[in-house]
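Coordinate inspection notes
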Amino acid sequence: MMTQVKAKIDETDSQASSERESIKHTLIGSPKAVTSTIRVLHQLRYADIGDWSPLLPTGNASEVMSILIRSILMQ
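Analysis parameters
Residues numbered from 1 in each chain as written. Predicted model: local features only at pLDDT ≥ 70, side-chain atom pairs only at ≥ 80, totals over all residues. Heavy atoms only, no water. Helix = DSSP H or I, 4+ residues; strand = E, 2+ residues; numbered from the N terminus. Buried < 20%, exposed > 50% of the residue type's maximum accessible area, 1.4 Å probe, protein only. Contact = heavy atoms within 4.5 Å. Core = buried A, V, L, I, M, F, W, Y, C linked by side-chain atoms within 4.5 Å. Pairing = 2+ DSSP bridges. Expected span 1.5 Å × (residues − 1).

Summing up its helical and strand segments, the protein chain has two helices and three strands in all. Start at the N end of the protein chain and walk to the C end: the helices and strands fall as α-β-α-β-β. The buried share of the protein chain, taken over its 75 residues, is 15%. Put simply, of all contacts in the protein chain between residues at least 6 apart along the chain, 58% involve residues at least 24 apart.

Right, here's the structure in full:
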């Protein structure tokens, strides 16, 4: 019982000292390349397809971008 209590306290302490931070992933390229990369990252179970922004224009004629913002645990 005492070991379980100590383990819970240690877990709480480590969570308190950890912070979450946002990280932004940006894909820029042709619509086909960006869409294909999003699908590959989904197949690798890195991010769901719906987590990415819609394809956005970049100002270059045949180029788009999509952004994924993830929250990661910093220790």
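Don't stop here, the text continues.
With that out of the way, let us pick up the nonpolar core. Formed by L27, V34, I38, A47, W52, V64 and L68, the largest nonpolar core amounts to seven residues. Contacts of W52, omitting those with residues within four sequence positions, involve H25, L27, I38, L41, A47, S66, I67 and L68.

This paragraph deals with the pairing of strand β3 (residues 64-74). Examined bridge by bridge, strand β1 (residues 19-29) and β3 share 11 bridges and lie antiparallel to one another. Paired with E19 across the two strands is M74, which belongs to β3. Across two bridges, the pairing between strand β2 (residues 56-57) and β3 is antiparallel. From the neighbouring strand, L56 faces β3, where its bridge partner is M65.

What follows concerns helix α2 (residues 31-43). The terminal C-alpha atoms of α2, which comprises 13 residues, lie 18 Å apart, in line with the 18 Å expected from a rise of 1.5 Å per residue. Phi for R45, located one or two positions after α2, is positive at around 65 degrees.

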